[in-house]
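Structural characterization, general
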Amino acid sequence: MMHAVSCEDVQNRLDEFHDDELSVEERVAIQGHLHDCVTCTLVASELQEVRASLREAALGLPDRAAPEADHLSAGVVERVRVEAQLSWTVELRSLFQDMHLVWAALGATAATLVCLIGSLSVFHATSQSVRTRWPASSSSSPARAPTRIPSASVTGCAPHESWTATAFRPSTTTMRCLRCRRSSLAKDACRTWSCCPRPTA
Amino acid sequence: MNPRLIAEEFVKEAGALGWSELAGGEAALIERCVAGEELACAELVAGHERMVYTLSLHLLGDRDEALDLSQEVFLRVFRTINSFRGQSALKTWIYRIVINQARNRQRFWRRRRRGDQVSLDQHVEEHGDLKQPRDSTSPDLALARKEMAARLWSALDELPFDQRTVVVLREIDGLSYEEIAFSLGVAVGTVKSRLTRARQVLRRQLRENRT
């Protein structure tokens, strides 16, 4: 027999039909189909049987008739009264009620701190590098302007044309090789540099 | 049907009510609770305690847990009743709180008591048999129905929390799709799909038990 709607359509909407969530027109169409179709009728009867069985099981639960459940109000009202007196502690506790959120918040805070520290480190290293590499570029700031001084007067080594010394402050005087661009603290320059011919004393 | 209409319906959100649509008595009761009137609080609890306990029991399956959860739910209700704006019926709003609290508690339980689940037979040994339904049919048929009901309830317990909740709200509490959607904080389409998946499992269980 020809059906106005296919079995697939009906079975897709059978849950809503069973739950009375369809319009009157749709209900009539599906009802007509069920009248003629054994397969869909079987599915519909299974849905009904599932509902009936679950309701029966729920009604038969041994714990369902707990007399305490009918006398909650006194305890609840008492706790509400106590909580009203200690409201700020309650608010604080409720923030930690769902530990998932707390862990997420702690994780986010830790990640933010790590990013912040990383950014500051990079910024600090970059500014140091710029100061070492282009000492003249900071000449606009008189307080930080580098002073070129003869390398021999700093290191005790003989002057060498490829070296130059830069001092931002007495404690940070650096030596720089103009050939290989390496730099070092002035006190270590003669000992550690091997890139260029070591100057003779 | 037009596919666009189907799509629109699928993503349709749960409907919202306004204050004006709430029953007058209910709105007045809420206002008195917000004002801190203890009598009103007691009245609100008395009007909903059985419903809250039963839903808690169906979701958690344990009497003591359900009683404890019921108290927590009402405390939560009174802590947050200031934020209730009549976006749903009071009952549906309370349902939502029950479900959220039960979900949190169930996560806690699953982590700690995963290995403590007992078989249906063991449960019956410890807590006694299910109540005999009042039935005028033959004893054999009544027994078969009772066994089938117990096995389906056991299958329901095995479902994921979200699917189990949808089934309980629909099949036992008789909530509409929109009310379920509001209670769970999801779209109506999600309710339908969860219900369909859960019912497929339960129908399969039904067929297996018959054979």
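Each remark here, short or long, concerns the structure printed above.
Scope of this entry: the structure provided in the associated data block. Since we're looking at a predicted model, the values are computed, not measured. (Residues numbered from 1 in each chain as written. Chains lettered and ligands numbered in written order. Predicted model: local features only at pLDDT ≥ 70, side-chain atom pairs only at ≥ 80, totals over all residues. Heavy atoms only, no water.)

Focus: the overall build of chain A
Regarding its fold elements, chain A presents eight helices and four strands. Reading the helices (α) and strands (β) of chain A from amino to carboxyl end gives α-α-α-α-α-α-β-α-β-β-β-α. Residue burial in chain A is summarised as follows: out of 201 residues, 31% are buried. (Helix = DSSP H or I, 4+ residues; strand = E, 2+ residues; numbered from the N terminus. Buried < 20%, exposed > 50% of the residue type's maximum accessible area, 1.4 Å probe, protein only.)

Considerations on the overall build of chain B
Tallying secondary structure elements over chain B gives ten helices and zero strands in all. Counting the 211 residues in chain B, one finds 44% classified as buried. Within chain B, residue pairs in contact and separated by at least 24 positions form 67% of the contacts whose partners lie at least 6 positions apart. (Contact = heavy atoms within 4.5 Å.)

Let's talk about helix α4 (residues 63–80) of chain B
An α-helix turns once per 3.6 residues; consequently, residues spaced three or four apart project the same way. Residue and element names in this part refer to chain B. The terminal C-alpha atoms of α4 lie 26 Å apart, and with 18 residues this matches the ideal 26 Å at 1.5 Å per residue to within 8%. Within the span of α4, buried status applies to Glu65, Ala66, Leu67, Leu69, Ser70, Gln71, Glu72, Val73, Phe74, Leu75, Val77 and Phe78. Its side-chain oxygen at 3.1 Å from the backbone nitrogen of Asp64, Asp62 defines the N-terminal cap of α4. (Expected span 1.5 Å × (residues − 1). Polar contact = N/O pair within 3.5 Å; in protein donor to acceptor, adjacent residues only side chain to side chain.)

Details of the packing of helix α1 (residues 7–18) of chain A against helix α2 (residues 24–36) of chain A
Residue and element names in this part refer to chain A. Two elements in contact, α1 and α2, have axes whose closest approach is 10 Å; the angle formed by their N-to-C orientations is 120 degrees. If you check the angle between α1 and α2, you find them oblique. Viewed along their axes, α1 and α2 form a crossing whose handedness is left-handed. In this structure, α1 contributes Cys7, Val10, Arg13, Leu14 and Phe17 to the contact, and α2 contributes Glu26, Arg27, Ile30, Gln31, His33 and Leu34. (Axes fitted to C-alpha atoms, helices over the stretch in contact; angles between N-to-C directions. Parallel < 35°, antiparallel > 145°, perpendicular 65-115°, else oblique. Left-handed = near helix turned anticlockwise from the far one by under 90°.)

A short note on the interface of chain B and chain A
Think of interface size as the accessible area that goes away when the parts come together; that is how it is often given. Between chain B and chain A, the contact holds 51 residues from the first and 43 residues from the second. Summed over both partners, the interface of chain B with chain A buries about 4700 Å², with 54% contributed by carbon and sulfur atoms. Residue Lys192 of chain B is joined to Glu16 of chain A by a salt bridge in which the shortest nitrogen-to-oxygen separation is 3.3 Å. Linking chain B to chain A there are 18 residue pairs in polar contact (both at pLDDT 80 or more). (Buried area = accessible area lost by both parts, 1.4 Å probe. Salt bridge = Lys/Arg side-chain N within 4 Å of Asp/Glu carboxyl O.)

Details of unusual backbone geometry
With a phi angle near 60 degrees, Asp20 of chain A is a residue other than glycine that sits in the positive phi range. Note on placement: Asp20 of chain A falls in the loop between α1 and α2.

Some thoughts on the nonpolar core
In this structure, Leu44, Val77, Phe78, Trp93 and Ile94 of chain B are the most contacted members of the largest nonpolar core, which totals 68 residues. Tallying contributions element by element places helix α3 (residues 38–60) of chain B first for this core, with eleven residues. When near neighbours in sequence (up to four residues on either side) are disregarded, Leu44 of chain B contacts Leu29, Cys33, Phe74, Val77, Phe78, Ile81, Leu90 and Ile94 of chain B. The next biggest cluster of nonpolar side chains, apart from the first, holds eleven residues, and it includes Ile30, Leu34, Val43 and Ala44 of chain A. (Core = buried A, V, L, I, M, F, W, Y, C linked by side-chain atoms within 4.5 Å.)

Here we look at the pattern of salt bridges
Counting across every chain of the model gives 24 salt bridges over all chains. Ionic pairing is found between Asp19 of chain A and Arg199 of chain B, a salt bridge with its closest N-O pair at 2.7 Å. In this pair, Asp19 of chain A sits in the loop between α1 and α2 while Arg199 of chain B sits in helix α10 (residues 188–210), so the two residues belong to two different chains. The residues Asp19 of chain A and Arg199 of chain B share a single accessibility class, namely buried. Its salt-bridge partner being Glu65 of chain B, residue Arg105 of chain B comes within 3.2 Å of it at the nearest N-O pair. In this pair, Arg105 of chain B sits in helix α5 (residues 90–112) while Glu65 of chain B sits in helix α4, placing the two residues 40 residues apart along the sequence.

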